[in-house]
Amino acid sequence: MKCAWKELLAILPQSIRQDVDNLGREMLQEIRLRKSQPVQLICHKQTHWLKTVITAADLNYTVNAASRYSPWAATTISQGYLTAQGGHRIGIGGEAVIRDGQITGIKYLTSLCIRVARDFPGIAASVGQVSDTMLILGPPGSGKTTFLRDLIRQIADKTCVSVIDERGELYPQAADFMPGRQMDVLSLCDKPSGIDMALRTLGPSCIAMDEITSESDCNALIRAGWCGVQLLATAHAADVQDLYSRPVYRPLVQTRLFRSAIVLQKDKSWKLERMKL
Amino acid sequence: MNLHWLGAILIIAGCGGIGFGMALNYKREENTLRQLIRIMDMFCCDLEYRMTPLPELFRKAANASTGQLANLFANVSKELENQIAPDAAYCMASALHRSRELPGKVLFALTDLSRSLGEYDLDGQLQGIKAVQASCNRQLEDLENNRTQRIRSYQTLGLCAGAALAILFL
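1. Brief notes about the environment of A:Asp119
Part 1 of the reasoning: Secondary-structure assignment places A:Asp119 in strand S8 (residues 118–119).
Part 2 of the reasoning: Distance from A:Asp119 to A:Val185, taken between C-alpha atoms, is 16 Å for residues 66 residues apart in sequence.

2. Here we look at the domain arrangement of chain A
Accessible area lost during the coming together of the parts is what is often quoted as the interface size.
All names here are of chain A.
Part 1 of the reasoning: The assigned domain composition of chain A is domain 1 (2–115) and domain 2 (120–274).
Part 2 of the reasoning: The distance between the C-alpha centroids of domain 1 and domain 2 comes to 26 Å.
Part 3 of the reasoning: At the junction of the two partners, domain 1 supplies nine residues and domain 2 supplies nine residues.
Part 4 of the reasoning: Taken together, the residues that form the side of domain 1 that touches domain 2 break down as one nonpolar, five polar and three charged.

3. Some points on the pairing of strand S13 (residues 230–236) of chain A
Residues and elements named next belong to chain A.
Part 1 of the reasoning: By the criterion of burial, S13 is predominantly enclosed, with five of the seven residues buried.
Part 2 of the reasoning: Bridge count between strand S9 (residues 134–138) and S13: five bridges; the pairing is parallel. By the bridge assignment for S13, Gly-138 is matched with His-236.
Part 3 of the reasoning: Judged from the four bridges that link them, strand S12 (residues 206–209) and S13 form a sheet pairing that is parallel. Bridged to Met-209 within S13 is Ala-233.

4. Description of helix H6 (residues 215–224) of chain A
Part 1 of the reasoning: If you check which residues of H6(A) are buried, you get A:Asp217, A:Cys218, A:Ala220, A:Leu221 and A:Ala224. Take H6(A) and look down its axis: the buried residues cluster within an arc of 160 degrees, on one side only.

5. Brief notes about unusual backbone geometry
Part 1 of the reasoning: Its identity is not glycine, yet A:Leu188 carries a phi of approximately 55 degrees, on the positive side.
Part 2 of the reasoning: Even without being glycine, B:Met51 reaches a positive phi, approximately 45 degrees.
Part 3 of the reasoning: Secondary-structure assignment places B:Met51 in the loop between helix H1 (2–50) and helix H2 (54–64).

6. What to know about the interface of chain A and chain B
Part 1 of the reasoning: Contacts between the two partners involve 12 residues from chain A, matched on the other side by 15 residues from chain B.
Part 2 of the reasoning: The biggest single contributor to the side of chain A that touches chain B is helix H3 (residues 56–66) of chain A, with five residues.
Part 3 of the reasoning: In terms of residue class, the side of chain A that touches chain B is built from eight nonpolar, three polar and one charged.

About the cut-offs
Residues numbered from 1 in each chain as written. Chains lettered and ligands numbered in written order. Predicted model: local features only at pLDDT ≥ 70, side-chain atom pairs only at ≥ 80, totals over all residues. Helix = DSSP H or I, 4+ residues; strand = E, 2+ residues; numbered from the N terminus. Domains from an automatic or database assignment. Contact = placed C-beta atoms within 7 Å. Nonpolar A, V, L, I, M, F, W, Y, C, P; charged D, E, K, R; others polar. Buried ≥ 20, exposed ≤ 12 C-beta atoms within 10 Å, placed from the backbone. Pairing = 2+ DSSP bridges. Arc of directions from axis to C-beta.

Right, dumping it as structure tokens:
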């Protein structure tokens with residue numbers, strides 16, 4: 001496993017760094033910090049509970065350290081998360097600050113869910129040659145991003161891939177995740193703009209992106225479809241049937257933009273499924 | 001007799017030195033304030049157009065300034081990079097604590113800046129910096145007014161005080 005471990009430890013409250021380092025170095029997936037509760041470490045096959053009880057100051061420290069004390073560098077807090085150096089995503093629980101009907105931030109933090117960005121070179125090797133547009137499906141925590149990271153790398157060894165890394169998690173600068181030979185990364189750029197920019201300026205054979213979540217993402221993908229560019233993306237769905245049931249993804253299937261999907265299971269296995277309505 | 005004269009010269013030189021030192025401090029305070037205003041301008045541009053994170057911003061400021069101010073900014077940047085303090089204000093306060101040699105007016109302005117540091121969104125942070133910059137500008141104006149007279153009075157007062165003391169002792 002490759003992971004920006006030092007960067008991860010640096011955003012944790014000092015009282016738990018040593019324990020996390022001892023228990024989680026090998027297979028840590030997630031750290032849960034909840035106010036007035038002990039720390040929960042979720043590893044590959046087991047969960048550890050530390051004795052340390054988390055305080056509000058600990059939560060604030062983690063958010064401050066992850067944003068490098070610069071709230072403007074963490075504008076995604078209004079979307080409920082921020083990405084720390086090394087690509088670790090921090091989901092935030094607390095009280096939403098609403099201005100003009102829009103969520104502008106989160107105050108009085110109550111919990112943080114730190115998803116550790118990990119790289120397993122070679123996990124997507126069994127997929128083989130990918131020549132079609134492809135969707136990677138899986139429930140949260142099934143390893144979509146990790147799988148996509150390796151798949152992109154494999155494709156980028158053979159052809160030119162533009163990666164739209166909206167959350168800065170796929171190939172973060174602080175992590176030494178091995179990039180593909182022909183890979184261009186557009187970080188922290190929203191998907192619709194990123195796709196347009198990549199098409200116009202980076203001359204890709206394939207455009208890859210993580211987590212299609214909104215209608216605008218789907219529309220951008222459809223706009224980019226049939227341009228002679230292969231598309232690669234991930235989406236939250238337990239299987240193809242789940243994907244059909246979610247109205248936001250329907251246009252992707254109806255337009256036959258994506259005809260096959262790699263479905264990831266919780267046990268880290270995968271299967272290829274054909275898609276049709 | 002010679003010893004008397006030597007003592008008198010030493011007293012005059014000592015008191016004159018104090019006066020000249022005060023005049024020099026006055027100039028140094030003015031220069032540091034001017035430097036700080038320039039750095040605040042850089043902060044505003046960098047934040048507005050690049051949204052630079054604070055540790056990097058202070059590192060740049062350290063490279064763009066000289067003397068005590070450069071040391072202070074480098075210390076703040078180091079504190080922020082170490083990620084030990086709970087917030088940016090704490091980092092700044094701790095760095096300021098180690099920079100007691102900074103002129104009073106500059107210390108005051110920097111303490112003001114630390115209160116808004118990393119507390120608000122980009123607009124809030126820019127407003128905070130601009131408010132401190134405006135206060136620095138006012139203080140600089142104060143210093144520049146009657147600058148020549150004040151510097152001359154410090155020097156003259158030093159020399160005169162020395163001469164008066166020398167006469168008393170003689």
